[in-house]
Every structure is written in C-alpha cells, then in structure tokens.
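One letter stands for each residue in the lines below.
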Amino acid sequence: MTDSFTLDPRLAADGPALGDLPLCHLRLVEDARFPWVVMIPRRAARVEIIDLAPQDRATLMEEIATVSSALKSVSGAQKLNVAALGNMVPQLHVHIVGRTAGDAAWPGPVFGAGTRMPYGEDARSAFVSRLKASLRLP
C-alpha cells in the first residue's frame, strides 16, 4: 500500500505509535500539556495535501474527522487545532491538538510554546488506551 513509505525519524521521536487507519499512521505527541496526535499518510514522497491522489485526499479528510472526534471525546477539549505545517519536517503530516481555555499556550499556538512535559507512564497508558478504544485500534 505504501510505495516505499518511510516514517521521518523526527516524527517517530515525537511520541509512541497509536496504530494505523486505512491511510494514516497515528502517533501521540509526548506532551502532557495538550492532547495531541500526529497523522502521517503512508505515502512516499508527499509533502503537501495536494500531493495526494484525489481518493487519498478524501480519505485523509475523513480520517482527520474521525481522529478529531475521538480526541475531543476522550480529552474533553473545548477546541481542536488541526494543522499541516511541515516547516520543520517536510514529510506530509497533520497535527490534531486539543485545546482548553487556559492551557499552557492559550490562546496562542502550541508550536514553540514552552517546554514539552512528558506524560507519566500511567497517564500515558490510560490516555492511549482510551484513545485507541475510541478509534477501535488494537
């Protein structure tokens, strides 16, 4: 399915894998200040959403909606930030970040705001379990 897809090591370093949807590989961003998932379409040499085939673009949008709903439900976030920036890592990826008034970066963007705070093992495990269950991932 992936025509030589390889995950950029910088995205792999962001946090643990959550699993795969039909198009995207999902990873938790290891920052307990924000419920944050990165979605990486498993297609080689894609930088922009417009680089995807039309059917893959449609699938990506549906998967963004699915992950957004799950993240909002399990985290209680009041607002979702969805972004495909790629300024630091050009491999196509989409950030979905749950936001709450008064969070560590509110009302500004999370990118570059303060220092990441790692999850405790129990908190990470519990959050990942709830999110994976909501997404019906093994």
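Before reading further, recall that the structure is shown in the block above.
Throughout, residues of each chain are indexed from 1 in the direction in which the sequence is written. For this predicted model, a pLDDT threshold of at least 70 governs which residues receive local features, and a threshold of 80 or more governs which side-chain atom pairs are given and counted, while totals over whole chains, interfaces and linings are taken from all residues. The basis for the side-chain values is all heavy atoms of the structure; hydrogens and waters are excluded.

S.K.: It is not clear to me how the overall build of the protein should be interpreted in this structure. Could you clarify?
M.R.: When you go through the protein residue by residue, the secondary structure sums to three helices and five strands. Computed over the C-alpha atoms, the radius of gyration of the protein is 14 Å, within 12% of the 14 Å expected from 2.2 N^0.38 for a compact globule of 138 residues. By its C-alpha atoms, the protein is 40 × 30 × 25 Å across when sized along the principal axes. A burial count over the protein gives 45% of its 138 residues as buried. Sequence separation of at least 24 residues holds for 58% of the intrachain contacts in the protein that already meet a minimum separation of 6. Accessible surface area values rest on a Shrake-Rupley calculation with a 1.4 Å probe, where residue burial reflects the displayed protein chains alone. For the protein, the accessible area works out to roughly 7100 Å², and carbon and sulfur atoms hold 57% of it. If the 15 positive side-chain charges of the protein are averaged to one point and the 14 negative ones to another, these points end up 3 Å apart. In DSSP terms, a helix is any run of H or I states spanning at least four residues, a strand is any run of E spanning at least two, and both are numbered starting from the N terminus. We take the radius of gyration over the C-alpha atoms and set the globule estimate at 2.2 Å times the residue count to the 0.38 power. Buried, partly exposed and exposed residues are distinguished by accessible area as a fraction of the type maximum, computed with a 1.4 Å probe on protein chains only: under 20%, between the cut-offs, and over 50%, respectively. Any pair of residues with heavy atoms lying within 4.5 Å of one another is described as a contacting pair. His is not counted, nor are the chain ends; Lys and Arg add positive charge and Asp and Glu add negative charge. Every charge is mapped onto a representative atom, which is NZ of Lys, CZ of Arg, CG of Asp or CD of Glu.

S.K.: Sorry if this is basic, but what is going on with the packing of aromatic side chains here?
M.R.: Between two aromatic rings, the relevant description is the distance of the centres plus the angle of the planes. Each Phe, Tyr or Trp ring, with Trp reduced to its six-membered ring, pairs with another whose centre is within 6.5 Å; inter-plane angles below 30 degrees give stacked pairs, above 60 give edge-to-face pairs, and intermediate values give tilted ones. In the structure shown here, the tally under the stated rule is three aromatic pairs. With centroids separated by 6.2 Å and ring planes inclined at 75°, the aromatic side chains of F34 and W36 adopt a geometry described as edge-to-face. As far as the burial class goes, F34 and W36 line up, both buried. Aromatic pair W36 and F111: ring centres 5.6 Å apart, planes at 85°, arrangement edge-to-face. One end of the pair, W36, is in strand β3 (residues 36–41); the other, F111, is in the loop between β5 (94–99) and α3 (121–135), with 75 residues separating them in the sequence. Since its relative accessible area comes to 4%, W36 is described here as buried. Criterion for a charge above a ring: Lys NZ or Arg CZ within 6 Å of the ring centre, and within 35 degrees of the ring normal. One residue, R116, lies across the ring of W36, its end atom 5.7 Å from the ring centre.

S.K.: Could you clarify how one ought to interpret the packing of helix α2 (residues 54–75) against α3 in this entry?
M.R.: Helices that pack against each other are described as a pair by the angle of their axes relative to one another and the distance between those axes. Lines fitted to C-alpha atoms define the axes, with helix axes restricted to the stretch in contact, and inter-axis angles between N-to-C directions lie between 0 and 180 degrees. Two elements in contact, α2 and α3, have axes whose closest approach is 9 Å; the angle formed by their N-to-C orientations is 135°. It follows from the interaxial angle that α2 and α3 lie oblique. Crossing angle aside, the handedness with which α2 passes α3 is right-handed. For the pair α2 and α3, contact is made by T66, V67, A70, L71, V74 and S75 and by F127, R130, L131, S134 and L135, respectively. Polar here means any residue outside two lists: the nonpolar Ala, Val, Leu, Ile, Met, Phe, Trp, Tyr, Cys and Pro, and the charged Asp, Glu, Lys and Arg; Gly therefore counts as polar. Class assignment of the residues belonging to the contact of α2 with α3 gives a composition of seven nonpolar, three polar and one charged. Each angle receives one of four descriptions, namely roughly parallel if under 35 degrees, roughly antiparallel if over 145, roughly perpendicular if within 65 to 115, and oblique otherwise. Two helices that cross are described as forming a left-handed crossing if the nearer one is turned anticlockwise from the farther one by less than a right angle, and a right-handed crossing if clockwise.

S.K.: What should I look at first to understand the nonpolar core in this one?
M.R.: Across soluble globular proteins, nonpolar side chains have a tendency to be buried as a group. If you look at the biggest cluster of nonpolar residues, it comprises 25 residues, and the most contacted ones within it are L26, V37, M39, V67, I96 and L131. Listed by contribution, the elements that provide at least two residues to this core are β2 (24–28), β3, α2, β5 and α3. Looking at this core element by element, the count peaks at six residues for α2. Non-local contacts of V37, meaning those with residues more than four positions away in its chain, are made with L18, L26, R27, V67, L71, V94, H95, I96 and L131. Throughout, nonpolar core names a set of buried Ala, Val, Leu, Ile, Met, Phe, Trp, Tyr and Cys residues whose side chains join them through atoms within 4.5 Å.

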